[in-house]
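A look at the structure
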2 protein chains.
Amino acid sequence: MQLVNNQCNCENCELKPIFFEYVEEKSLENICNWKYEKAFRKGENISNQGDEIKEFIYLKSGLVKLYRKNENDKDQIISFAKPLDFISLFSVFSNKSFNYSITAIEDSVTCNINLNELKKLISTNGNFALGLLTKVSQASDKIIITTLEIKQKQTFGRVAYILLYFSNEIYKNNSFELPVSRKEIADHIGMTTENVIRTLSSLRSDGIIKIYGKIIEVVDKDRLQKICNYS
Amino acid sequence: MQLVNNQCNCENCELKPIFFEYVEEKSLENICNWKYEKAFRKGENISNQGDEIKEFIYLKSGLVKLYRKNENDKDQIISFAKPLDFISLFSVFSNKSFNYSITAIEDSVTCNINLNELKKLISTNGNFALGLLTKVSQASDKIIITTLEIKQKQTFGRVAYILLYFSNEIYKNNSFELPVSRKEIADHIGMTTENVIRTLSSLRSDGIIKIYGKIIEVVDKDRLQKICNYS
DNA sequence: AACAGCTTATGATATTTATCATATTTTTGG
DNA sequence: CCAAAAATATGATAAATATCATAAGCTGTT
């Protein structure tokens with residue numbers, strides 16, 4: 001992790017219109033004093049389950065995974081988060097400590113805001129609070145709905161779902177390099193690594209995708225979408 | 001559904017210390033003008049997936065289920081909610097319409113607050129907003145964590161989980177009447193009705209529970225807890 | 001270069017879960 | 001109160017998924 005040389009550039013932040021929608025210029029200037037940016041390399045840990053929450057974090061660039069260890073010490077990946085998704089969306093306001101870990105799965109930059117200062121801003125600025133409440137709710141909703149959707153599918157539907165997620169939501173390209181291992185996909189969609197691999201192989205032999213190691217090319221997106229919807 | 005004769009009794013509301021923690025007496029009086037109470041009989045629908053959200057709803061008494069229909073028209077029960085759990089916790093601030101339905105599974109009374117008025121209160125009262133943000137986050141967190149915990153278990157662990165939930169969280173008694181059918185349990189924990197029935201039968205023949213129709217008696221809670229933790 | 005460790009891959013098999021069939025009991029509506 | 005529908009129950013079987021075994025390919029390190 002590396003602290004980014006921190007010129008106050010909130011004015012240019014692409015998140016500004018969303019995050020700071022309701023904050024006047026004057027308050028916005030203050031934010032520069034509480035916030036700083038951190039850069040993480042692929043694979044680096046951003047925060048750990050159990051850590052005290054001292055900061056509100058969001059992602060400026062990159063890609064991260066949110067995951068937790070269960071009682072049997074097995075990882076469950078809750079979701080992936082891309083920029084404009086808040087990453088410290090849940091736990092932050094409801095807990096003293098994180099109930100999940102965050103790790104960068106691509107080189108990432110986070111913007112960190114001191115939580116106490118943020119809370120002060122919320123308590124003195126109702127409109128900002130309402131905006132934030134909306135964002136936090138949207139982020140939680142998305143996790144809940146996504147989890148339900150994955151849960152109702154079986155093997156092929158789940159693998160199709162995650163491939164379409166990376167293709168459509170993250171890389172916006174039919175060809176992309178998987179930022180995660182087969183095991184991580186398995187930990188996210190709730191199946192074994194072997195079955196993820198097998199399912200990918202099967203999609204390949206049906207000519208729906210091509211596989212070059214970590215690189216996936218979606219050849220027949222219509223069929224993949226049908227598989228996602230109906231199985 | 002029946003409108004409850006609506007004397008303003010927020011002062012005595014058991015939710016007051018939580019919900020209105022940060023609202024001064026003066027604002028609190030206003031709330032009486034926007035809120036009203038509704039009584040629902042077991043089985044009655046409180047709101048429907050797709051309905052426009054006009055009110056913030058919470059549960060004064062009773063028990064409800066939150067569920068949604070998926071593309072294949074199959075119900076998925078997201079969670080059960082008891083009093084002090086907000087029931088319009090998600091969607092409310094993030095969506096124009098409910099992305100789930102709510103049905104009373106026991107006679108229930110809701111308190112409904114006009115959403116626009118509530119939003120005005122939020123925007124003019126930052127402390128209240130922060131309190132609400134905390135509550136909404138806690139409610140979402142609980143759903144997310146619960147869903148993950150259920151997901152990682154298999155048949156026996158899931159059935160044990162739901163029995164312990166009703167026994168410990170809802171009825172605080174080793175003997176209780178199930179407020180839901182076997183099918184509804186199945187829709188919640190993601191298995192088939194037959195398997196829920198079979199698993200219950202199996203727990204009975206192992207002497208862990210007794211079954212009298214809808215009435216369940218947990219005979220050996222320690223073993224049930226072990227089953228919940230380890231399968 | 002060589003080794004260790006991890007990931008990907010695939011086959012064989014075992015286990016888990018769903019589906020289908022059927023019967024009994026309970027609930028609901030006229 | 002009765003008939004129909006729904007819920008509960010259980011067995012037999014099929015399908016889905018996990019587990020175990022093995023091997024090849026990659027990756028990082030010394």
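Notes on the structure follow. Note that the coordinates shown come from a computational prediction; the quantities given were computed from them, not determined experimentally.

Inspection of the region around DNA strand D gives 15 residues, with A:Gln154, A:Thr155, A:Asn195, A:Arg198 and B:Ser201 positioned closest. For DNA strand D, the fraction of protein-proximal atoms (within 4 Å) that sit in sugar or phosphate groups is 59%. Contact between DNA strand D and A:Glu194: a base nitrogen at 3.3 Å from a side-chain N or O atom of the residue. At a separation of 2.9 Å, a base nitrogen of DNA strand D approaches a polar side-chain atom of B:Arg198. Element by element, the count of residues in the surface near DNA strand D is highest for helix H7 (residues 193–205) of chain B, at five residues. Considered class by class, the residues forming the surface near DNA strand D number two nonpolar, six polar and seven charged.

All names here are of chain A. Per the stated rule, a full pass over the model turns up 20 salt bridges over all chains. The residue Glu37 makes a salt bridge to Lys60 at a minimum N-O spacing of 3.1 Å. Note that Glu37 is positioned in strand E2 (residues 35–40) and Lys60 in strand E4 (residues 55–69), a separation of 23 residues in sequence. Glu37 gets classed as buried once you look at its relative accessible area, which sits at 7%. The closest approach of N and O atoms between Lys120 and Glu117, which form a salt bridge, is 3.5 Å.

Another aspect to go through is the packing of helix H3 (residues 115–124) of chain A against helix H4 (residues 126–152) of chain B. H4(B) packs onto H3(A) with a crossing angle of 120 degrees between their chain directions and a minimal axis gap of 6 Å. The orientation of H3(A) with respect to H4(B), classified from their angle, is oblique. Judged by residue contacts, A:Lys119, A:Ile122 and A:Ser123 of H3(A) engage B:Gly126, B:Asn127, B:Leu130 and B:Leu133 from H4(B). Of the residues that constitute the contact of H3(A) with H4(B), the class distribution is three nonpolar, three polar and one charged.

Turning our attention to the environment of B:Cys111. Residues and elements named next belong to chain B. If you trace the backbone, Cys111 turns up in strand E6 (residues 101–114). Each C-alpha atom of the pair Cys111 and Tyr36 lies 5.8 Å from the other, and the pair is 75 residues apart in sequence. Each residue touching Cys111, except ones within four places of it in the same chain, is listed here: Lys35, Tyr36, Glu37, Phe56, Ile57, Tyr58 and Lys60.

Bringing the relation of the copies chain A and chain B into the picture now. Between the two copies, chain A and chain B, the superposition gives an RMSD of 0.0 Å; the rotation angle is 180 degrees and the shift along the axis is 0.0 Å. In symmetry terms, the pair is related by a two-fold rotation axis. Taking C-alpha positions as the reference, the residue of chain A nearest the rotation axis is A:Gly126, at 2.1 Å. Taken as a fraction of all interface residues of chain A, those also at the interface in chain B reach 98%, which identifies the copy contact as same-surface.

Quick notes on the rules
- Residues numbered from 1 in each chain as written.
- Chains lettered and ligands numbered in written order.
- Predicted model: local features only at pLDDT ≥ 70, side-chain atom pairs only at ≥ 80, totals over all residues.
- Heavy atoms only, no water.
- Near = heavy atom within 4 Å.
- Polar contact = N/O pair within 3.5 Å; in protein donor to acceptor, adjacent residues only side chain to side chain.
- Helix = DSSP H or I, 4+ residues; strand = E, 2+ residues; numbered from the N terminus.
- Nonpolar A, V, L, I, M, F, W, Y, C, P; charged D, E, K, R; others polar.
- Salt bridge = Lys/Arg side-chain N within 4 Å of Asp/Glu carboxyl O.
- Buried < 20%, exposed > 50% of the residue type's maximum accessible area, 1.4 Å probe, protein only.
- Axes fitted to C-alpha atoms, helices over the stretch in contact; angles between N-to-C directions.
- Parallel < 35°, antiparallel > 145°, perpendicular 65-115°, else oblique.
- Contact = heavy atoms within 4.5 Å.
- Least-squares fit on C-alpha atoms with pLDDT ≥ 70 in both.

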